[in-house]
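Architecture and fold: a report
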Amino acid sequence: MKTTTNTLYNATPSTQKADKALHIAAVFWFLVAVIGQWAFVYYIIVHFGGAAINGDTASWNDSTIAGHVPGDTVGNLVFGMHVFMAAVITFGGTLQLIPQLRKRALALHRWNGRIFIFTAYMMAIGGLYLVWVRGAVLSTNGAWAITLNATLILVFATLAIRTAQARNIPAHRKWALRLYLMVNGVWFFRIGFMAWIMINQGPVGSTENLDGPFDLFWAYANFLLPLAVLEGYLYTQKRAGTKGTYAMAGILVLLTLLMALGIVAAFLFMWQPYL
């Protein structure tokens, strides 16, 4: 995320301070997100990749729903590719958000962007296959939530391509940011779920089949809430006054702290046991 000076009024000292606060909050969010997402990539490579190399794909079931199904060669291949692409898109997505990379290595930014969008398409389609054909989901609510997430990925990826082709860079960046959040729905689900457990000291409102009150809410909010925050951030950059800018900065800092809590908990209790 990148903060720009409000162009609708003169940049007074108080406005500049508010803009700087928002910029710092956005950078703070990004740095924490990079740490958490690269930890997730490490977990994917070591756990899933290591099992595949050792010929022990059955161990995928230790941490996933129907990761390996005996006799289902196509389904197992789709799952393996889906997980591999999750690592590619998570790592590549963070690189796309680095402004220095866009400025100093534009060719790399563009090629990485092409890989990112292609992978997003494949992941969305693969996710729909795993849910509706393979049944890799615990509840109907979860299936429909994943379907909405996949649909938004396909839509946002298409709009990111079209705006790039039209050389509408401001619009392209907005759609690319929205796409980035959508493809990280699985990551947001895990860290948000673990943050909730840490705050409540237990899975309040959650069940083993993920059909409790919190589960029903978080199935959709794990990707719609980050999207709503992004829209608020983009709105604040152009239209909010000083108070609104400070408020948005405060919201970002608070959510980043919650995100950090979820990252630490997810690493300790969800990922580290399989490393």
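The residue numbering used here restarts from 1 in each chain and proceeds along that chain's sequence as written. The predicted origin of the model limits local features to residues at a pLDDT of at least 70 and limits the giving and counting of side-chain atom pairs to 80 or more, whereas totals for whole chains, interfaces and linings rest on all residues. To get the side-chain values, take all heavy atoms of the structure and skip hydrogens and water.

1. Digging into the side chain of serine 139
Selection criterion: Put simply, DSSP marks the helices as runs of H or I at least four residues long and the strands as runs of E at least two long, and each gets a number from the N terminus on. A 3.5 Å cut-off defines polar contacts: any pair of N or O atoms within that distance qualifies, except that in protein one atom must be a possible hydrogen donor and the other a possible acceptor, and neighbouring residues in sequence count only when both atoms are side-chain atoms. Residue contacts follow a heavy-atom distance rule, with two residues in contact if any of their heavy atoms lie within 4.5 Å.
By secondary structure assignment, the location of serine 139 is in the loop between helix 4 (106–132) and helix 5 (140–165). Only 3.1 Å separates the side chain of serine 139 from the backbone nitrogen of glycine 142, close enough to count as a polar contact. Those residues in contact with serine 139 that sit more than four places away from it in its chain are Asn209 and Leu210.

2. Quick word on the pattern of salt bridges
For the record, the criterion: Put simply, a salt bridge is a Lys or Arg side-chain nitrogen that is within 4 Å of an Asp or Glu carboxyl oxygen. Burial status follows relative accessibility: with a 1.4 Å probe on protein chains alone, a residue under 20% of its type maximum counts as buried, one over 50% as exposed, and anything between as partly exposed.
Evaluated as defined, the whole model comprises two salt bridges. Across the pair aspartate 72 and arginine 134 runs a salt bridge, and its minimum N-O distance is 3.0 Å. Residue aspartate 72 is found in the loop between helix 1 (13–53) and helix 2 (73–96), and its partner arginine 134 is found in the loop between helix 4 and helix 5; the two are separated by 62 residues along the sequence. Among the residues examined, aspartate 72 registers a relative accessible area of 22% and is labelled partly exposed. Glutamate 231 is paired through a salt bridge with arginine 178; the nearest N and O atoms lie 2.6 Å apart.

3. A few points about the packing of aromatic side chains
Defined as follows: We call Phe, Tyr and Trp rings a pair once their centres come within 6.5 Å, taking the six-membered ring for Trp, and we label the pair stacked below 30 degrees between planes, edge-to-face above 60, and tilted otherwise. Whether a charge sits over a ring comes down to the Lys NZ or Arg CZ being within 6 Å of the ring centre and within 35 degrees of the ring normal.
This structure, assessed with the given rule, holds 17 aromatic pairs. Between tryptophan 187 and phenylalanine 188, the ring centres sit 5.1 Å apart and the planes meet at 65°, which makes this aromatic pair edge-to-face. You'll find tryptophan 187 and phenylalanine 188 in the same group, each marked buried. Through successive ring pairs, a cluster of aromatic residues spans Phe40, Tyr43, Phe48, Trp60, Phe79 and Trp271. Above the face of the tryptophan 111 ring, arginine 114 is positioned so that its terminal group lies 4.6 Å from the ring centre. Above the plane of the ring of tryptophan 175 lies arginine 178, whose end atom (NZ or CZ) is 4.3 Å from the centre.

4. Let's talk about the nonpolar core
Counted only if it meets this: We define the nonpolar core as a collection of buried residues of types Ala, Val, Leu, Ile, Met, Phe, Trp, Tyr and Cys that are connected through side-chain atoms lying within 4.5 Å of one another.
One finds Leu179, Trp187 and Met259 to be the most contacted residues of the largest nonpolar core, which totals 65 residues. For this core, the secondary-structure elements that each account for two or more residues are helix 1, helix 2, helix 4, helix 5, helix 6 (169–183), helix 7 (185–200), helix 8 (213–239) and helix 9 (242–271). Residue contributions to this core peak at 15 residues, all from helix 1. Other than its neighbours up to four places away in sequence, tryptophan 187 contacts Ala33, Gly36, Gln37, Phe40, Met259, Ile263 and Trp271.

5. Describing the packing of helix 5 against helix 8
So the rule is basically this: For helices, the axis comes from a line fit to the C-alpha atoms of the stretch in contact; other axes are also lines fit to C-alpha atoms, and the angle between any two N-to-C directions lies between 0 and 180 degrees. Each angle receives one of four descriptions, namely roughly parallel if under 35 degrees, roughly antiparallel if over 145, roughly perpendicular if within 65 to 115, and oblique otherwise. A crossing counts as left-handed when the near helix is turned anticlockwise from the far one by less than a right angle, and as right-handed when that turn is clockwise. Residues are grouped as follows: nonpolar covers Ala, Val, Leu, Ile, Met, Phe, Trp, Tyr, Cys and Pro; charged covers Asp, Glu, Lys and Arg; every other residue, Gly included, is treated as polar.
Two numbers describe how helix 5 lies on helix 8: the axes approach to 8 Å, and their chain directions differ by 15°. Classified by the angle between their axes, helix 5 and helix 8 sit roughly parallel to one another. When you trace helix 5 past helix 8, the crossing you get is right-handed. Of the residues in helix 8, those touching helix 5 at Asn141, Trp144, Ala145, Leu148, Asn149, Leu152 and Phe156 are Asp215, Leu216, Ala219, Tyr220, Phe223, Leu224 and Leu227. For the contact of helix 5 with helix 8, the class distribution of residues is 11 nonpolar, two polar and one charged.

6. Quick word on helix 6
As a reminder of what qualifies: An expected span of 1.5 Å times one less than the residue number is assigned to each helix.
A rise of 1.5 Å per residue sets the reference length of helix 6, with its 15 residues, at 21 Å; its end C-alpha atoms lie 21 Å apart and thus fit the reference within 8%. Buried residues along helix 6 sit against helix 1, helix 2, helix 4, helix 5, helix 7 and helix 8.

7. Describing unusual backbone geometry
We note that glutamine 201 has phi near 55°; this positive angle belongs to a residue other than glycine. With respect to the helices, strands and loops of the structure, glutamine 201 is situated in the loop between helix 7 and helix 8. Here glutamine 201 falls in the exposed class, since its relative accessible area comes to 69%. Phi at leucine 210 takes a positive value of approximately 55°, unusual for a residue other than glycine. For leucine 210, the location among the structural elements is in the loop between helix 7 and helix 8. Take leucine 210: its relative accessible area is 26%, and that puts it in the partly exposed class.

8. A short note on the confidence of the model for the chain
Where we set the bar: pLDDT measures the predictor's confidence residue by residue and takes values from 0 up to 100.
Taken as a whole, the chain shows an average pLDDT of 93; of its residues, 96% reach a score of 70 or greater. Predicted confidence for residues 1–9 stays below pLDDT 50, and this span has 26 contacts to residues more than four positions away or in other chains.

9. Some points on the environment of leucine 268
Along the polypeptide, leucine 268 turns up in helix 9. When the C-alpha positions of leucine 268 and phenylalanine 91 are compared, they lie 20 Å apart, and in sequence the two are 177 residues distant.

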